[in-house]
Amino acid sequence: MNENDSQQLSQGNIQSSDPEQQQPSQGYPPVGQQPPAGQQPPPGWQQPPAQGYQPYAGQQPNPGYPLQPPPPENKTRGSAIASMVLGIIALLSLLLGIYPLLGLLCSVVGLVLGINARENQRSGVATAGVVLNLIAISLCAIAIVACVTCTGCIITMAR
Amino acid sequence: MLPYMQIGSIRIASYGAMVLLGGYIGALSIWFRTRSSNKPNNNRYSESIEFQQALFAYLYGVIGLGLGAKLFYLLQALPLVLPLLKQEALSSELLLDILTKGFVFYGGFIGGVAGVYIYSRQFKKPFAPLAETLIPAVPLAHAFGRIGCFMAGCCYGMPYEGRLSIVFELSEVAPLHIHLFPVQLLESALLFALAAFLVIYDRNARKPRSLFGWYLLLYGLIRMLTELFRGDALRGSFLFFSTSQWISVVLIITAIVILMRNTSSAGRVDEQQNLYAQQPPTTVV
């Protein structure tokens, strides 16, 4: 087989005379190709795998693998902004001493929204929301949370 | 002992400060466990979890812990609060006290597990590796929380005149000027030991979910023991056990079931792992 034949062979114009290089001519399409439209696949033909990788049974998929389509960007951005705003409100209410419980609630909701936004799309606003709400929750812990496990004690203290 | 710390004009609740410290140290321990290690150790679930995922699951767990602990506390306090509601004697200050003070650990634990589970379902992350990664942080943070209890004077021990007894001179909760057993410090020490055991156990070859099972088993036993020395008798009780001891019994039974299921399925898991190890890598066309 000369150089010209090799070139034509690589382009698919002619078949190789070398029996080792010949594809089985049983009407099977080449590996990895679909049968032509309107034709039934011959017996024994199998759908080629969509990916070259199939996880073993019981194996967890790669955590970074996209299991679902990404959510709309506007929704994610809205969550991120809401998280940051709630974080600012929580910090202000705690630092100014106005309705600390409101601040705690805002920071919890803001933290969940911030995590949601950060999981869906990494953005600076979402990160800022998570950090602000974490600071607010930390302040709550040291400012208003106290331990009174004895249920009667609160009532006694109040009287 | 020291329920509040005064820094300038700012008053800080010791209990909250210790819980916060425990929470941050727990997060730090998760960072240590999830950071990439040069040592190949395929038996560790924590190797396959990124820090951000683990941290966010931890935060979901913390939120669930707070809600669960508060909910259980409110359920316990309901018989005392309801008469006040009927008498219309429930002031806003008392309501604030009820909402910000008082937490039940077991309620928090159930809420925390629920929080991590919600995270895993919401973001399609595997629950078991996440739980295994986070679980050593729980006794670590809890140990700091018990030190906070000691400083606030809550969860105090029974009257005890022997060595190592403690006397509270300043507390809103504990009986003052009475020698008490330092049950908070005992539980804290046992929890530190439990956290150390889980981390060391995790470094060696182990089976999936066994870390969670060991935690449930050992903490259940610790709680059964420490409840015997508790002196704050106004917590709920039923028959011969306190509420916490009954929950401990449930935890211990659950742990035994988890560990026994692991043992029975260990052979199949090992066979599968050997099979995978022998298979050549799949050729990507």
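Since this is a predicted model, take the numbers as computed values, not measurements. (Residues numbered from 1 in each chain as written. Chains lettered and ligands numbered in written order. Predicted model: local features only at pLDDT ≥ 70, side-chain atom pairs only at ≥ 80, totals over all residues. Heavy atoms only, no water.)

1. Here we look at helix α5 (residues 127–134) of chain B
Residue and element names in this part refer to chain B. When you tally the buried positions in α5, you get six out of eight residues, the bulk of the element. Here α5 has its buried residues at Pro129, Leu130, Ala131, Glu132, Thr133 and Leu134. Considering only its buried residues, α5 is in contact with α1 (14–34), α2 (51–86), α4 (105–122), α6 (137–152) and α8 (210–227). (Buried < 20%, exposed > 50% of the residue type's maximum accessible area, 1.4 Å probe, protein only. Helix = DSSP H or I, 4+ residues; strand = E, 2+ residues; numbered from the N terminus. Contact = heavy atoms within 4.5 Å.)

2. Details of the pairing of strand β1 (residues 4–7) of chain B
Pairing analysis gives four bridges linking β1(B) to strand β2 (residues 10–13) of chain B, with the strands arranged antiparallel. Residue pairing in the sheet places Met5(B) in a bridge with Ile12(B) of β2(B). (Pairing = 2+ DSSP bridges.)

3. Structural notes on the confidence of the model for chain A
Residues and elements named next belong to chain A. Confidence along chain A averages 66 in pLDDT terms, with 45% of residues attaining 70 or more. When the elements of chain A are averaged for pLDDT, helix α5 (residues 151–158) gives the smallest value, 45, and helix α3 (residues 100–120) the largest, 88. Across residues 48–59, where pLDDT falls below 50, the model places nine contacts with residues more than four positions away in sequence or in other chains. (pLDDT = per-residue confidence, 0-100.)

4. Some words on the packing of aromatic side chains
Residues and elements named next belong to chain B. Per the stated rule, a full pass over the model turns up 20 aromatic pairs over all chains. Relative to tyrosine 119, the ring of tyrosine 60 lies with its centre 5.4 Å away and its plane at 70°, an arrangement referred to as edge-to-face. With tyrosine 60 in helix α2 and tyrosine 119 in helix α4, the pair connects residues that are 59 residues apart, well separated along the chain. The burial state of tyrosine 60 is the same as that of tyrosine 119; both residues are buried. Ring centres of phenylalanine 105 and tyrosine 219 lie 5.3 Å apart, and the angle between their planes is 70°; on these two criteria the pair is classed as edge-to-face. Placement of the pair is phenylalanine 105 in helix α4 and tyrosine 219 in helix α8, with a sequence separation of 114 residues. With respect to burial, phenylalanine 105 and tyrosine 219 carry one shared label: buried. Aromatic rings pair up to connect Phe105, Tyr106, Phe109, Phe212, Tyr215 and Tyr219 into one cluster. (Phe/Tyr/Trp six-rings, centres within 6.5 Å; stacked < 30°, edge-to-face > 60°.)

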